[in-house]
Amino acid sequence: MEQQTGTGEPPQTDHCNWHPHVETALSCGQCGRSMCTQCLVQVSVGIRCPECGKAAKMPTFDVQPGYYAKAAGVGVAVAIGGGVLWIIFNLIFGGFGILASLPALGVGYAAGELISASVNAKRSKGLAYIAAGSVIGAYIISLPSSPSTAGFFSLIVLAIAIYTAVQRVK
Ligand SMILES: [Zn+2]
Ligand SMILES: [Zn+2]
């Protein structure tokens, strides 16, 4: 009586799809094509061929939750740091009225640059909110020290500052 033992395929090596002379047992986790160690791309969920790997590494607009946490942390730091520097600025230059709103521009610039840097220059709507919130946070922190003479003008400068920050990460 003959028994069939060939339940599993014999171990076989394929040739790399991109390097036809290289034998390999590796294959892409996404498209299944054979690939060698030279061209495999390590991604968070396994290994990919050069083409699938490229697609997996491009999500500039796909901002992961971890990035938001990082961006929010930087946003809070900018709000507090910027707010404190703003207060110091007001204590020194407060007598000049509208001058007191100028730090907003610095905070706006810093918020955009630092938040963008913290997420590897990724862009999204959520990051734009964080950037805007960071500028507004600094403004609120500095508000008690702002001279009342700044008034309406300071709101215009604040709007410009928010715009600057948001454009960097939007
Ligand atoms: Zn693939
Ligand atoms: Zn290869």
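Up top you'll find the structure we're talking about.
In this text, all values refer to a predicted model and were calculated from it rather than measured experimentally. (Residues numbered from 1 in each chain as written. Chains lettered and ligands numbered in written order. Predicted model: local features only at pLDDT ≥ 70, side-chain atom pairs only at ≥ 80, totals over all residues.)

**Q** Looking at this model, I keep getting lost on the overall build of the chain. Mind explaining?
**A** From N to C terminus, the chain includes five helices and four strands. Its helices and strands taken in sequence order, the chain reads β-β-β-β-α-α-α-α-α from the N to the C terminus. Pairs at least 24 apart in sequence give 62% of the contacts found in the chain among residues at least 6 apart. (Helix = DSSP H or I, 4+ residues; strand = E, 2+ residues; numbered from the N terminus. Contact = placed C-beta atoms within 7 Å.)

**Q** When you look at unusual backbone geometry in this model, what are you seeing that I'm missing?
**A** Phi is positive for N120, which is not a glycine, with a value near 55 degrees. Its identity as a non-glycine residue notwithstanding, A121 has a phi of 60 degrees, on the positive side. Checked against the element boundaries, A121 lands in the loop between α3 (103–118) and α4 (125–142).

**Q** Can you help me understand the packing of helix α2 (residues 65–93) against α4 in this one?
**A** One way to put it is that α2 packs onto α4 with a least axis distance of 7 Å and a crossing angle of 25 degrees. The pairing of α2 with α4 is recorded here as roughly parallel in orientation. The handedness of the crossing between α2 and α4 comes out as right-handed. For the pair formed by α2 and α4, the contact residues are Y68, A71, A72, G75, V78, A79, I80, G82, G83, W86, I87 and N90 on the first element and G126, L127, I130, A131, G133, S134, G137, A138, I141 and S142 on the second. (Axes fitted to C-alpha atoms, helices over the stretch in contact; angles between N-to-C directions. Parallel < 35°, antiparallel > 145°, perpendicular 65-115°, else oblique. Left-handed = near helix turned anticlockwise from the far one by under 90°.)

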